[in-house]
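Fold and contact review
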Amino acid sequence: MSTYKTQGIIIKRSHFGEANLLLDIYTKEYGKIQATARSARKARGKLKGHLEIFLLADLILAHGRNFDIITNSTVKENFLNFRNNLKISLGAYYALELTNKMTIQHHKDERVFELLWEELHFLDYLAEKVDIGRCGIAEVIKKYYLSLLLFQINILYLSGFSPEMNKCVLCSEKISSERNYFSFNLGGILDKKCKSKDVSAIEVSDNAIKLVRLFSMKKADKQNYKVSLDENFEKLGRIKIDDKLIQKTVVIMNKFVEYNLDRKIEGFRFLI
Ligand SMILES: [Zn+2]
């Protein structure tokens, strides 16, 4: 049986047969794949504990008829800090679900891998800060929602669904700080003049628009995605914006994701 190696993050685990697992994995080299792990649920199975949700692992797989088969897994990172923090782990689950639903199998995009890895890493760092009391809860919660917003905007961008936040989606006029609306159908901001064209558009504040723009990839940033992503994560500690506004913007972006997918993101109801 021919085998191959890859590094991946376990994004979903389901029971499969009596003692097997079916895993959805976002890999660096092959994009999202599904693979099985035989006897992984048996107490003495050699893969037990090496294929938990969230893990980053070096994997060896054998080509199989229906699914490829995991023959070995070496854990590289286990994100232990947020596993013990319910609130933060729910955010991490949400990131996994978005990754799973917004990507298709065997479509390689290293940027998606980077984004997910950075998000999990950031959430783990936040959980550690809370644990050792180096950071107040309010500050952590703010950064938590900001990182989820950053994640939403980036996964939308990587899936080709970036919302238009700089000009009106209908008349193309530059957005001024008058009343503006977000149209889920049209995919971005509608100005006051055009609002009547989409009655379901909802009003959005200037600060919400600025916040989404802040994390949106600019033309120049597209050259080196990883560097721009790192810079965006670094920005999180310096943003002075009201918590409620951040959460409201996260709600709008989730609704936009669901609109584009035409399906619900189940984990969202636990977030806000
Ligand atoms: Zn307009």
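Parameters at a glance
Residues numbered from 1 in each chain as written. Predicted model: local features only at pLDDT ≥ 70, side-chain atom pairs only at ≥ 80, totals over all residues. Heavy atoms only, no water. Salt bridge = Lys/Arg side-chain N within 4 Å of Asp/Glu carboxyl O. Helix = DSSP H or I, 4+ residues; strand = E, 2+ residues; numbered from the N terminus. Buried < 20%, exposed > 50% of the residue type's maximum accessible area, 1.4 Å probe, protein only. Pairing = 2+ DSSP bridges. Donors = N, O, S within 2.8 Å, 3.2 Å for Na, K, Ca; no water. Phe/Tyr/Trp six-rings, centres within 6.5 Å; stacked < 30°, edge-to-face > 60°. Axes fitted to C-alpha atoms, helices over the stretch in contact; angles between N-to-C directions. Core = buried A, V, L, I, M, F, W, Y, C linked by side-chain atoms within 4.5 Å. Domains from an automatic or database assignment. Contact = heavy atoms within 4.5 Å.

1. Observations regarding the pattern of salt bridges
Counted under the stated rule, the structure contains 15 salt bridges. A salt bridge links Arg 13 to Glu 52, with the nearest nitrogen and oxygen atoms 3.6 Å apart. Here the residue Arg 13 occupies a position in strand β1 (residues 3–16), and Glu 52 occupies one in the loop between β3 (31–37) and β4 (56–62), the gap between them amounting to 39 residues. The partner of Asp 109 in a salt bridge is Arg 111, and the shortest N-O contact between them spans 3.0 Å. For Arg 111, a relative accessible area of 31% translates into the label partly exposed. Through salt bridges that share partners, Glu 114, Glu 118, Lys 226 and Asp 230 make up one connected network.

2. A closer look at unusual backbone geometry
Phi is mostly negative for residues that are not glycine, and the peptide bonds are mostly trans. The phi torsion at Phe 79 lies on the positive side, around 50°, for a residue other than glycine. Tracing the chain through its elements places Phe 79 in the loop between β5 (68–77) and α1 (80–83). For Phe 79, a relative accessible area of 2% corresponds to the buried category. Its identity is not glycine, yet Asp 262 carries a phi of approximately 60°, on the positive side. Mapping Asp 262 onto the fold places it in the segment after α7 (243–261). Asp 262 sits in the exposed class, given a relative accessible area of 70%.

3. Quick word on the pairing of β1
Sheet topology note: the β1/β4 ladder contains 7 bridges and is antiparallel. From the neighbouring strand, Thr 6 faces β4, where its bridge partner is Leu 59. Relative to strand β2 (residues 20–27), β1 is paired through 8 bridges, and the arrangement is antiparallel. Looking across to β2, one finds that Phe 16 is bridged to Asn 20. The loop that links β1 with its antiparallel partner β2 comprises 3 residues; one of these, Gly 17, has a positive phi angle of about 65°.

4. A short note on the coordination of the zinc ion
All of the protein donors around the zinc ion are Cys 168 (SG), Cys 171 (SG), Asp 191 (OD) and Cys 194 (SG); their distances to the metal are 2.2 to 2.3 Å. Going along the chain, you hit the donors of the zinc ion in the pattern C-x2-C-x19-D-x2-C. Of this pair, Cys 168 sits in the loop between α4 (137–158) and β6 (180–183) while Cys 194 is found in the loop between β7 (188–191) and β8 (202–204), placing the two residues 26 residues apart along the sequence.

5. Some words on the packing of aromatic side chains
All chains considered together, the criterion is met by 12 aromatic pairs. Between the aromatic rings of Tyr 4 and Tyr 30, the centroid separation amounts to 5.1 Å while the plane-to-plane angle is 70°, which identifies the pairing as edge-to-face. Here Tyr 4, found in strand β1, pairs with Tyr 30, found in the loop between β2 and β3; they are 26 residues apart in sequence, far enough to count as distant. Ring centres of Tyr 94 and Phe 268 lie 5.6 Å apart, and the angle between their planes is 50°; this geometry places the pair in the tilted category. With a gap of 174 residues between them, Tyr 94 in helix α2 (residues 86–102) and Phe 268 in the segment after α7 connect regions that are remote in the sequence. Accessibility assignment for this pair places Tyr 94 and Phe 268 in one class, buried. An aromatic cluster of three or more residues is present, and its members are Phe 54, Phe 79, Phe 82 and Tyr 93.

6. What to know about the sheet that holds β7
Taking strand neighbours across the sheet as the criterion, the 3 strands line up as β7-β6-β8 in an open arrangement whose pairing is antiparallel. The open sheet terminates on both sides in strands that have one partner only, identified here as β7 and β8. Mean inter-strand twist for the sheet, computed between neighbouring axes without regard to direction, equals 50°. Pairing analysis gives 3 bridges linking β6 to β8, with the strands arranged antiparallel. Bridge assignment links Tyr 181 to a residue of β8, and that residue is Glu 203.

7. Notes on the nonpolar core
Counting residues in hydrophobic clusters, the biggest one holds 72 residues, and the most contacted among them are Phe 82, Leu 120 and Phe 182. Take this core: its biggest share by element is 13 residues, from α4. A domain split of this core shows at least three residues from each of domain 1 (3–77) and domain 2 (80–162 + 216–270). Not counting residues up to four positions away in its chain, the partners in contact with Leu 120 are Ile 9, Phe 54, Phe 79, Phe 82, Ala 92 and Leu 96. In terms of nonpolar packing, the next biggest core, distinct from the first, is built from 16 residues, Ile 25, Ala 35, Ala 40 and Ile 70 among them.

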